[in-house]
Amino acid sequence: ITKRFTLLPEGCIANILSFTSPKDACRFEAVSFGFKSAADSDTVWERFLPPDYQNILVRSSSPVTYSSKKELFFRLCDSPLLLDEGKLSFWLSKPSGKKCYMLCARELQIAWIDTPINWNWTSLPESRFSEVAELMSVCWLEILGIIRSKMLSPMTNYEAYLVFKLRETHYGLDCSSKATIKFVKDGNLTEIVEGVATSNVYIVPPLSRSVSRQNIDGRVSQTRSDSWMEIELGTFFNGEIDNDIDIHMQLLEGVDLGWKKGLILQGIEVRPKE
C-alpha cells in the first residue's frame, strides 16, 4: 500500500498529509523516503500553523526568521514568543499545533497589587517576562486572569494553570483556595455564558496540618520541568470562535484570612489538554 501511495503526485500526497497531525506527518516522513519531500512541504506545515499566525508574528517583540513552514512550526513549539511588548508569551503545542499562552503577572488583576507593603515587583532571570509579582503580606489572596476566547484554538479542551515559585520563607499558603473558570460575555459579570466551574486547590499542600497528600480534598501544586511550580485552576472547552466571550480564570482565598507571604507569581498559563 505504501508503494502505491508514493506513486501519487507529490502535491496530492502533501494535501493528504495536511489533514493529519504534526506527529503523523513526521511518522510518514520516517516510513518512506518517497514521503519525505511531501511531508516537509509548506503545504503540509502551513495547515498545522494557526490561521492567524502571520498576525501573531507581527506582534512578536523580536523578529522571527524561518526558511520553511516546518521550521517555523517547530520554532514556535520550542521557543515561545513574547507578544505585545512582553505582556504575553505564545507558543504551539507540538503534538497538535494548538495555541498556548501565558499571561504575565502585569496582565493579571491582583488584589492589593498597587500597595508596596502587600506586593512587590521584581525580576528573575529564569522568568520569561521582565517582571514577576512577589507577595509580601496579605490576608486576602485574589488573582484573576482574563483571555479572549478568540485568541485560543477553537473546538479544543484547555487547562489553565497558575505558574509560580515560593520563597524559602513563605508562610500561610497551605490553606485551601477556590479556583474558578467561567465564560463571561462582553465583560459583563452579570452575564455568565456557562456554568461556573469551581474547585479546591492548595498552593502549598497542608502537610504542616498533619494531612497526607492522598487525603487532601482538592488539587495540589506540582513542579514543572522549567523549575517553576504550577497549580491547575481548571479545564474548559473552547468552542467555535466568539469575539464576545472572555474566559475568567481566578484563584481566591478569602475564608481562612491568615497572613500569607512568599509567593512569586509569573503568570497564568493556558494550554490544550492533551
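Residues numbered from 1 in each chain as written. Predicted model: local features only at pLDDT ≥ 70, side-chain atom pairs only at ≥ 80, totals over all residues. Heavy atoms only, no water.

Student: For the pattern of salt bridges, give the residues involved together with the corresponding values.
Tutor: A full pass over the atoms with the stated rule returns 16 salt bridges. The closest approach of N and O atoms between Glu 131 and Arg 106, which form a salt bridge, is 2.7 Å. On the criterion of sequence distance, the pair formed by Glu 131 in the loop between β5 (119–122) and β6 (132–135) and Arg 106 in the loop between β3 (99–104) and β4 (109–110) is long-range, its members being 25 residues apart. The exposure class of Glu 131 is partly exposed, given its relative accessible area of 27%. According to the relative accessible area criterion, Arg 106 is partly exposed, its value standing at 45%. As a salt-bridge pair, Arg 148 and Asp 246 come within 3.0 Å of each other at their nearest N and O atoms. Of this pair, Arg 148 sits in strand β7 (residues 141–148) while Asp 246 sits in strand β15 (residues 245–253), placing them 98 residues apart in sequence. Taken together, the salt bridges that share partners define one network made up of Arg 224, Asp 226, Glu 230, Glu 269 and Arg 271. (Salt bridge = Lys/Arg side-chain N within 4 Å of Asp/Glu carboxyl O. Helix = DSSP H or I, 4+ residues; strand = E, 2+ residues; numbered from the N terminus. Buried < 20%, exposed > 50% of the residue type's maximum accessible area, 1.4 Å probe, protein only.)

Student: Any chance you could break down the pairing of β3 for me, citing the residues and the numbers?
Tutor: Across the 6 residues of β3, 6 count as buried, placing the element largely inside the fold. Burial along β3 is two-sided: the residues Lys 99, Tyr 101 and Leu 103 and Cys 100, Met 102 and Cys 104 are all buried. Bridge analysis of strand β2 (residues 88–92) against β3 gives 5 bridges, and the strand direction is antiparallel. If you follow Leu 92 over to β3, its bridge partner there is Lys 99. Counted between consecutive antiparallel strands, the loop separating β2 from β3 contains 6 residues, among which Gly 97 sits at a positive phi close to 80°. Relative to strand β16 (residues 261–272), β3 is paired through 4 bridges, and the arrangement is antiparallel. (Pairing = 2+ DSSP bridges.)

Student: Mind laying out helix α7 (residues 69–78), listing which residues take part and the relevant values?
Tutor: Those residues of α7 that sit buried are Lys 69, Lys 70, Leu 72, Phe 73, Leu 76 and Cys 77. Angular distribution of buried residues about the axis of α7 spans 160°; they occupy a single face of the element. (Arc of directions from axis to C-beta.)

Student: Explain the packing of aromatic side chains residue by residue, including any values.
Tutor: Considering all chains together, one arrives at 8 aromatic pairs under this definition. For the ring pair Trp 45 and Phe 73, a centre distance of 5.1 Å and an interplane angle of 55° mean the geometry is tilted. Placement of the pair is Trp 45 in helix α5 (residues 42–48) and Phe 73 in helix α7, with a sequence separation of 28 residues. Like Phe 73, Trp 45 is buried. Seen in terms of ring centroids, Phe 73 and Phe 74 are 5.3 Å apart; in terms of plane orientation they differ by 85°. Their pairing is edge-to-face. When the ring centre of Trp 228 is taken as origin, the NZ or CZ atom of Lys 165, which lies over that ring, is 5.0 Å away. Here the basic side chain of Arg 271 rests over the ring of Tyr 161, its NZ or CZ set 3.9 Å away from the ring centre. (Phe/Tyr/Trp six-rings, centres within 6.5 Å; stacked < 30°, edge-to-face > 60°. Lys NZ or Arg CZ within 6 Å of the ring centre and 35° of its normal.)

Student: Describe the side chain of Lys 99, with residues and values.
Tutor: Structurally, Lys 99 is set in strand β3. We classify Lys 99 as buried; its relative accessible area is 5%. Polar contacts involving the side chain of Lys 99 include one to the side chain of Asp 52, which spans 3.0 Å. Within polar-contact distance, the side chain of Lys 99 engages the backbone oxygen of Met 151 at 3.3 Å. (Polar contact = N/O pair within 3.5 Å; in protein donor to acceptor, adjacent residues only side chain to side chain.)

Student: I'd love a proper account of a nonpolar patch on the surface, names of residues and values included.
Tutor: On the surface, Trp 112, Trp 140 and Leu 257 cluster together to form a nonpolar patch covering roughly 320 Å² of accessible area. Structurally, Trp 140 is set in the loop between β6 and β7. (Patch = residues over 30% accessible without salt bridge, like charges linked within 9 Å, V, L, I, M, F, W, Y side chains within 5 Å. Areas by Shrake-Rupley, 256 points an atom, 1.4 Å probe, with all protein chains shown as cover.)

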